[in-house]
Amino acid sequence: MLLPDHEFLKPASLAEGLALLAAGPGARVLAGGTDVVFNMRGRLFTPPAVVSVRSLPELQGLHERPDGSLDIGAGCRLTDLLADPLLARHPALRTALRAVASRHVRNLATLGGNLCLDTRCWFTNQSEDWRAARGPCLKTGIDACHALHGSPVCVALNNADTPPALIALGATVTLASVRGERQVALRDFYRDDGIDHTVRQPDELLTRVIVPPTTDRVVFLKETARQGMDFAYGTIAARADGHGARAGRITLVLGSLTTAPVVLDAITTRLVADGLGDDAIDAACAGLRAALGPLTNLYSPAAYKRELARTLLRRALLALREM
Ligand SMILES: Cc1cc2nc3c(=O)[nH]c(=O)nc-3n(C[C@H](O)[C@H](O)[C@H](O)COP(=O)(O)OP(=O)(O)OC[C@H]3O[C@@H](n4cnc5c(N)ncnc54)[C@H](O)[C@@H]3O)c2cc1C
Ligand code: SF4
């Protein structure tokens, strides 16, 4: 499939890129292009212009700040991040990075592209002809959702692998525009709306990702049909301080099951009080359903998603206890 007509813009600096985004309503940011190009070929969107940002110098590089945080350029390729010795201090983040697609895709894909990845839906991430047979939806033109009938919002999935790991690590992102810069905690970056799925404004670029230092135990797990190629059925990132069953602070983040990553605050409060014993883990798994909200049959049945969420939670908590 050919790409729709568009203007290809390649700014030489961040300032130039931000000016192009501010001037051109509807312009699409292009990083590695591993998702955006597919979607344009499928006419899911047909922007008048794309602004290529991967080579912008201000979006490159990974370095350590004086406080021990890692400062990662949003334009860094996933392959380069995996090869960087500084990333060795965050094994769970490395696991999440390596879980993204295949080596070929990771050679092009960027961290910013993964964090801003558009939501996916079995009904819309198809060819234009396929979609025409079914008819449009909230994402493509009318007031209806094929995946969850009667839903007032698009419930397409956030299927990116790195957000849960980076949320668990307490990462923040920098959003830049001609109006200036702002920092947003990644846990506040995503919205429960598959169309407008992040708080990023159309003229903003995600420029840097800051990962604070930690000595906590952290795990990342991904369930998928084929390792090394496929999008997740579900993921979890789990973090705890302390040792064994004792933890004074726990963070649990589920991914790929809903429109935005789910931070399980209610469950963690109880686990901190009770510890990571078998009974407490059973109770956490039993109480999980309420925290998940509406589940769809997108890519896997809702009943399977419920069971998978419980299984991922149990595996993650047991893994933390063993670390
Ligand atoms: C075969 C295949 C398998 C895949 N499997 C997985 C998988 O297992 N896990 C997974 O997470 N992903 C998967 N993907 C999706 C995708 O390849 C990755 O998420 C990748 O990291 C996207 O990065 P990119 O740089 O190519 O983004 P692009 O495609 O360039 O952009 C993605 C989105 O982010 C926006 N964007 C990009 N950079 C910025 C920025 N700096 N600021 C603001 N907006 C920005 C773009 O406008 C676009 O909306 C797969 C893709 C393919 C083709
Ligand atoms: S979840 Fe519903 S509105 Fe969103 S893309 Fe799928 S069918 Fe369309």
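Residues numbered from 1 in each chain as written. Chains lettered and ligands numbered in written order. Predicted model: local features only at pLDDT ≥ 70, side-chain atom pairs only at ≥ 80, totals over all residues. Heavy atoms only, no water.

A few points about the sheet that holds strand E6 (residues 172–177)
Move 1: Taken in spatial order, the 5 strands of this open sheet run E4-E5-E8-E6-E7, and their pairing is antiparallel. Each edge of the open sheet carries a strand with a single partner, namely strand E4 (62–64) and strand E7 (180–185). Strand-to-strand twist across the sheet, computed as the mean angle between neighbouring axes with direction ignored, equals 20 degrees.
Move 2: Two strands pair when backbone bridges link them, and E6 and strand E8 (residues 205–211) are joined in this way by 5 bridges, in the antiparallel orientation. (Pairing = 2+ DSSP bridges. Helix = DSSP H or I, 4+ residues; strand = E, 2+ residues; numbered from the N terminus. Axes fitted to C-alpha atoms, helices over the stretch in contact; angles between N-to-C directions.)

Overview of the site of ligand 2
Move 1: Taken together, the neighbourhood of ligand 2 is formed by Cys121, Thr124, Cys137, Leu138, Lys139, Cys145, His146, Ala147, Cys154, Val155 and Ala156.
Move 2: Spatially, ligand 2 is embedded in the largest cavity. (Near = heavy atom within 4 Å. 1 Å grid on protein atoms, 1.4 Å probe; cavity = no way out; pocket = protein on both sides within 12 Å on 5 of 7 lines; lining within 4 Å. Sits in = over half its atoms within 2 Å of the grid points.)

Digging into the layout of surface pockets
Move 1: By volume, the second largest pocket is sized at about 370 Å³.
Move 2: Elements with a contribution of two residues or more to the lining of the second largest pocket: strand E12 (262–263) and helix H11 (288–292).
Move 3: Tallied by class, the residues present in the lining of the second largest pocket amount to 15 nonpolar, 5 polar and 3 charged.
Move 4: Two domains share the lining of the second largest pocket, each providing at least three of its residues, namely domain 1 (60–116 + 157–211) and domain 2 (217–322). (Points joined across faces, edges and corners; volume = space filled by probe spheres on them. Nonpolar A, V, L, I, M, F, W, Y, C, P; charged D, E, K, R; others polar. Domains from an automatic or database assignment.)

Topic: the environment of asparagine 159
Move 1: If you trace the backbone, asparagine 159 turns up in the loop between helix H7 (128–134) and helix H8 (162–168).
Move 2: When the C-alpha atoms of asparagine 159 and threonine 119 are compared, they prove to be 6.6 Å apart, with 40 residues separating the residues in sequence.
Move 3: In this structure asparagine 159 touches Leu117, Arg120, Phe231, Ala232 and Ser256, once residues within four positions along its chain are discounted.
Move 4: For asparagine 159, the side chain forms a polar contact with the side chain of arginine 120, separated by 2.6 Å.
Move 5: Polar contacts involving the side chain of asparagine 159 include one to the side chain of serine 256, which spans 2.9 Å. (Contact = heavy atoms within 4.5 Å. Polar contact = N/O pair within 3.5 Å; in protein donor to acceptor, adjacent residues only side chain to side chain.)

Overview of the domain arrangement of the chain
Move 1: Domain parsing of the chain yields domain 1 (60–116 + 157–211) and domain 2 (217–322).
Move 2: For domain 1 versus domain 2, the distance between C-alpha centres works out to 21 Å.
Move 3: Residue-level contacts link 24 residues of domain 1 with 26 residues of domain 2.
Move 4: Summed over both partners, the interface of domain 1 with domain 2 comes to about 2,100 Å²; 63% of that surface belongs to carbon and sulfur atoms.
Move 5: Per-residue buried area on domain 1 facing domain 2 is highest for Leu157, Asn159 and Ala168; these three make up 30% of the total on that side. (Buried area = accessible area lost by both parts, 1.4 Å probe.)

Overview of helix H9 (residues 265–274)
Move 1: Among all positions of H9, only Ile267, Thr268 and Leu271 are buried. Projection of H9 onto a plane perpendicular to its axis shows the buried side chains occupying an angular sector of 95 degrees, all on one side. Away from the buried face of H9 by more than 90 degrees, exposed residues Ala266, Thr269, Arg270 and Ala273 are located.
Move 2: Against the buried residues of H9 lie strand E11 (250–255), helix H10 (278–286), H11 and helix H12 (302–322).
Move 3: Remark: glycine 275 follows H9 within two positions and exhibits a positive phi of approximately 85 degrees. (Buried < 20%, exposed > 50% of the residue type's maximum accessible area, 1.4 Å probe, protein only. Arc of directions from axis to C-beta.)

With respect to the packing of H9 against H10
Two measures define how a pair of helices packs: the angle their axes make with one another and the distance between the axes.
Move 1: The contact between H9 and H10 brings their axes to 10 Å, and the two run at 170 degrees. Comparing the axis directions of H9 and H10 gives the class roughly antiparallel. Counting all contacts with H9, which are made through Ile267, Arg270, Leu271 and Asp274, the residues of H10 involved are Ala280, Ile281, Ala283 and Ala284.
Move 2: Tallied by class, residues from the contact of H9 with H10 come to 6 nonpolar, no polar and 2 charged. (Parallel < 35°, antiparallel > 145°, perpendicular 65-115°, else oblique.)

A word on the pairing of strand E5 (residues 70–73)
Move 1: The alternating pattern of E5 places Leu70 and Ile72 on one face and Asp71 and Gly73 on the opposite face, and all of these are buried.
Move 2: With 3 bridges joining them, E4 and E5 adopt antiparallel strand pairing. Residue pairing across strands places leucine 62 opposite isoleucine 72, the latter belonging to E5.
Move 3: In this structure, the hairpin formed by E4 and E5 is closed by a connection of 5 residues, where glycine 68 is found at a positive phi of approximately 90 degrees.
Move 4: Judged from the 4 bridges that link them, E5 and E8 form a sheet pairing that is antiparallel. Its bridge partner being in E8, glycine 73 is matched across the sheet by arginine 208.

Overview of H12
Move 1: Here H12 is 21 residues long and its end C-alpha atoms lie 30 Å apart, about the 30 Å a rise of 1.5 Å per residue gives.
Move 2: For H12, the complete set of buried residues consists of Ala302, Lys305, Leu308, Ala309, Leu312, Leu313, Ala316, Leu317 and Leu320. Taken down its axis, H12 places every buried residue within 160 degrees of arc, on the same side.
Move 3: Those residues of H12 hidden inside the fold are in contact with strand E9 (217–224), strand E10 (232–240), E11, H9, H10 and H11. (Expected span 1.5 Å × (residues − 1).)

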